[in-house]
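# Structure at a glance
Each chain is listed here by its residues.
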Amino acid sequence: MTDTTPATAPVGPPASGPAPAAAPVGAPAGPAPATGMLHSWDLSTGVDGPGTRFVTFLAGCPLRCQYCHNPDTRYLSDGRPVTADDLVREAAKYTVFIGAAGGGATVSGGEPLLQPALTAELLHRFKHELGLHTALDTSGYLGTRATDALLADTDLVLLDIKSWDPALHRQVTGRGIAPTLDFARRLADLGTEVWVRFVLVPGLTDPIANVEGVAGFTASLGNVTRVDVLPFHKLGAAKWRALGLDFPLADTPVPTADRTAAARAVFAAHGLNAV
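Keep in mind that this is a model prediction, so the values were computed, not measured. (Residues numbered from 1 in each chain as written. Predicted model: local features only at pLDDT ≥ 70, side-chain atom pairs only at ≥ 80, totals over all residues. Heavy atoms only, no water.)

### Let's talk about the pattern of salt bridges
For the coordinates displayed, the defined rule picks out 13 salt bridges. Put simply, Arg-125 and Glu-121 hold a salt bridge, and the shortest N to O gap is 2.9 Å. Within this pair, Arg-125 and its partner Glu-121 are both found in helix H3 (residues 116-128), separated by four residues, close to a single helical turn. Salt-bridge contacts for Arg-185 lead to Asp-182; the nearest nitrogen and oxygen are separated by 3.2 Å. (Salt bridge = Lys/Arg side-chain N within 4 Å of Asp/Glu carboxyl O. Helix = DSSP H or I, 4+ residues; strand = E, 2+ residues; numbered from the N terminus.)

Take a look at the structure:
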């Protein structure tokens, strides 16, 4: 993740494009761009949707996942003020490169639906002004904040399903699972493409009944084109320490390659494309 301060100049046309027509004297100003709190942005390949992508990490998250590798995005105060103009202008610098790499733009966090107005404007402008494939990276816990218009501007949802067992989900995240499942069903009804992501944690999320539950539910949706089974890692442990927090899974081992392959096989047995 690159912690880069976005430019604050107004968004302008590409150097090779025509200048916009001047507004008539006395014409009403257009709506102000949405504002919010940005943690950082980055260019990534292969982990935040297809191809190379401009990824916006918004600050704030309602979950408290035990394996969180970005605990420094928990609170809105962890970010800096930003406008949609700032981020569209920054993304515009990379559209030729991103397009050539078969990528797009992803709005992530934290939890982007904690800031639905900024998220909605970014997705709309990335898609319609910059012509980019758009993705929303979310836990779905705040899915009711996503309007139909926001989802219409979203080509792909990266949906984190933390657990199938409700008690285990609350243990992992501090929150209930029902909002995530309701959001997943809504996406299925809309026909929105979804990639499900499931973090495999030894001794926590890896019981076979839990993996089977996530796989069975995912297969029932009909709009999931990929499942990422993500092996638990400890790359964010240093951030926990820097924040003066105890990392809850400090003594938890990472899953073996065989255990990860076995979990992927469970999803594959349900007819899903598990990677």
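So, next bit.
### Description of the packing of helix H7 (residues 208-221) against helix H9 (residues 257-269)
Between H7 and H9, the least distance of the axes is 9 Å, while the angle of their chain directions is 40°. By the angle between their directions, the pair H7 and H9 is classed as oblique. Regarding H7 and H9, the two cross each other, and that crossing is right-handed. Contacts between H7 and H9 involve Ile-208, Val-211, Glu-212, Val-214 and Ala-215 from the former and Arg-259, Ala-263, Val-266 and Phe-267 from the latter. Residues that form the contact of H7 with H9 fall into these classes: seven nonpolar, no polar and two charged. (Axes fitted to C-alpha atoms, helices over the stretch in contact; angles between N-to-C directions. Parallel < 35°, antiparallel > 145°, perpendicular 65-115°, else oblique. Left-handed = near helix turned anticlockwise from the far one by under 90°. Contact = heavy atoms within 4.5 Å. Nonpolar A, V, L, I, M, F, W, Y, C, P; charged D, E, K, R; others polar.)

### Quick word on the pairing of strand S4 (residues 104-108)
Counting buried positions over the five residues of S4 gives five, a clear majority of the element. Sheet topology note: the strand S2 (residues 52-58)/S4 ladder contains five bridges and is parallel. Residue pairing across strands places Phe-57 opposite Ser-108, the latter belonging to S4. Bridge count between S4 and strand S5 (residues 133-138): four bridges; the pairing is parallel. (Buried < 20%, exposed > 50% of the residue type's maximum accessible area, 1.4 Å probe, protein only. Pairing = 2+ DSSP bridges.)

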